[in-house]
Amino acid sequence: MNAITKMLHYAKKHFIGREDQLAEVRKKAEKLSAGEQEERRTVIFTGERAIGKSWLLQRLAELLAELGFTVFRVDLKAYANKPKTDKPDEEVAVANILLDLHRLWGEKQSPGGASLAELSRNVLEVVRKQLPEKPLAVCVDHVYESNWNLLAALEEYVLGPLAIEPRVLIILAGRGRLYPFKTPELRLKVEPEELVPFSLDETIEQLTVQHKAAVPLAEKIHAISGGNPGANDLLAQHPEAPALALDEVLEGMLDPVPPEQRQKVREYLEALCVLNAFDEERIPPMLAIYYNDPETYDNWKYAQARDARELLTRWAFARWDADQGGYVLHDMPRRLLEQYLRKAHPNLWCDLQLAAKQLYNRWVGMYQRNKSRWENEHHYHEDQLQKMSCSTTR
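So, here's what we can say about the structure. Just so we're clear, the structure is a prediction, and the values are computed from it rather than from any experiment.

A few points about the environment of asparagine 276
Part 1 of the reasoning: Secondary-structure assignment places asparagine 276 in the loop between helix H12 (259–272) and helix H13 (283–290).
Part 2 of the reasoning: When the C-alpha positions of asparagine 276 and tyrosine 380 are compared, they lie 9.2 Å apart, and in sequence the two are 104 residues distant.
Part 3 of the reasoning: For asparagine 276, the residues in contact, after removing those within four places along its chain, are Gln324, Val328, Arg334, Glu377 and Tyr380.
Part 4 of the reasoning: Within the structure, the side chain of asparagine 276 is placed 3.0 Å from the side chain of arginine 334, a separation counted as a polar contact.

Next up, the structure:
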C-alpha cells in the first residue's frame, strides 16, 4: 500500500493526557531540585508503536527544563544512523553521544580521550562539576528497539556512571524486549510503566486539539484504533481510507525488525492475528490458508513452526500465556492487524476465521481432555464469521 500523510510532529499545543506520568516525574524532579534523596531516579516508559512514548518524552523534557534541569535528549535511532567509520557502530554512536553531552554544558574545547573510556571520564568529570548547581535529566528514546551492543556500551560509558549520581534523573522510552542493564539504578531501582491506549474521552480530546473536523467521527475512529494515539491521528486525517492508516501504523511497528525479516514477520502476524492463542501445532494450518499453499505448510516440521514462533517472540510481538495455553499476540498489534484485514482483505480475514473454526472443530474430537476449551474456541470463530457475514463454506 502507498503511504499516506505522516503522523503529526510533536507540538506542546497538540499534547494531551498522560497526567499521571507527568506528575510522577515532576515529583521526582522537585525532590532532586530540593536536594532531597530519591532512590528510584530512573523512569522507564514502554508501549507499542504510536502509543505516545516519544511525545511524552518530549513533553517531559520541556517540563524538566521549566523546573530548572539541564536536559540532555538522546534519540538512539538518530545516533545509530550516523555515518559508518572503521570503528564498531556502537563505539561511534556512544562517542557522538558523549561529545553532544560535553557540548551541552557550553564546552567548546574538545574533551580529548584516546579511547572511549578516557573520553567518558573526561566528559563526565565536566558534568559532575556542574551537578551541584543544576540537576541533570537524561531523556533517551528508542532504547529497547536498539542493538544490545549499543546499549551495553551506552550503559558502560554514559548511563551507568550517570545513574549513580544523586542529582541525575534518567527517563528511558522504547518498545520491545527490555534490555537487562547491569547497573542497579537502571535495572532494580527503577519505575517502569507501560503506556496504555487512550480512552474514548481522551480520543475525543486528542481530536479536538489535533483534528477538530474529525471530532464527530471520534467513536468510529476509536472503535477502529482501540485508542492508539498514532492510529487516531492517521484515521482522523484520512477517515475515507482506514486501511491505509492502519497499514502505516503496522509498518511502523515493524521498524525494529531487520529489513530482510520484516515482510515475513508481517505475514506471520496477519496469518495468526485471528487466533486467541497459537503454538507450533496451530501455526502451519493458518499459514497454509494465508499463503494458499497447503502442500507446503501442511508438511511443515515442528522445527519450522518453532522458528516462525520464535521470530514473533524475538521481536516482542508475542508472549506465552499459561491461561490461554499458548502464545498470544500483544493486544494492540493484534487489534490493529485484525482491523486492517477486515478493511483491506475481508475475504482473507474470513478464510482465516473459517480455518480456525475448522481446526478447533477437529480438535474437539481429537483432544477430549481439553474438549471444552476447543469448543469455546470453535464457538468464538463461529461468532466472528457471523459478525462479518462470512461464507462458512470453501
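Describing the packing of helix H8 (residues 200–210) against helix H9 (residues 218–225)
Part 1 of the reasoning: Contact pair H8 / H9: the axes reach a minimum separation of 10 Å and the direction vectors enclose 115 degrees. In the crossing of H8 with H9, the sense of the turn from one axis to the other is right-handed. On H9, the residues that touch Leu200, Thr203, Ile204 and Leu207 of H8 are Ala218, Glu219, Ile221 and His222.
Part 2 of the reasoning: Classifying every residue of the contact of H8 with H9 by side-chain character gives 5 nonpolar, 2 polar and 1 charged.

As for unusual backbone geometry
Part 1 of the reasoning: For histidine 142, which is not glycine, the phi dihedral falls at a positive 55 degrees.
Part 2 of the reasoning: Take histidine 142: it is sitting in the loop between strand S3 (136–141) and helix H6 (148–163).
Part 3 of the reasoning: Taking relative accessible area as the criterion, histidine 142 reaches 16% and is therefore assigned buried.
Part 4 of the reasoning: Of note, alanine 316 is a non-glycine position whose phi angle comes to about 60 degrees, a positive value.
Part 5 of the reasoning: As for its placement among the helices and strands, alanine 316 is situated in the loop between helix H15 (302–314) and strand S6 (318–321).

Brief notes about the state of the cysteines
Where two cysteines share a covalent bond between their sulfur atoms, that bond is called a disulfide.
Part 1 of the reasoning: Evaluation of the coordinates by the stated rule reveals 1 disulfide.
Part 2 of the reasoning: What pairs with cysteine 350 in a disulfide is cysteine 390, and their sulfur atoms sit 1.9 Å apart. The S-S bond linking cysteine 350 to cysteine 390 shows a torsion near -60 degrees; that makes this disulfide left-handed. In this pair, cysteine 350 sits in helix H17 (residues 346–366) while cysteine 390 sits in the segment after helix H18 (371–387), placing the two residues 40 residues apart along the sequence. Per residue, the accessibility class of cysteine 350 equals that of cysteine 390, and both read buried.
Part 3 of the reasoning: The structure places no disulfide on cysteine 273, whose sulfur is separated from the nearest cysteine sulfur, that of cysteine 350, by 12 Å.

Rules used throughout
Residues numbered from 1 in each chain as written. Predicted model: local features only at pLDDT ≥ 70, side-chain atom pairs only at ≥ 80, totals over all residues. Heavy atoms only, no water. Helix = DSSP H or I, 4+ residues; strand = E, 2+ residues; numbered from the N terminus. Contact = heavy atoms within 4.5 Å. Polar contact = N/O pair within 3.5 Å; in protein donor to acceptor, adjacent residues only side chain to side chain. Axes fitted to C-alpha atoms, helices over the stretch in contact; angles between N-to-C directions. Left-handed = near helix turned anticlockwise from the far one by under 90°. Nonpolar A, V, L, I, M, F, W, Y, C, P; charged D, E, K, R; others polar. Buried < 20%, exposed > 50% of the residue type's maximum accessible area, 1.4 Å probe, protein only. Disulfide = S-S within 2.5 Å.

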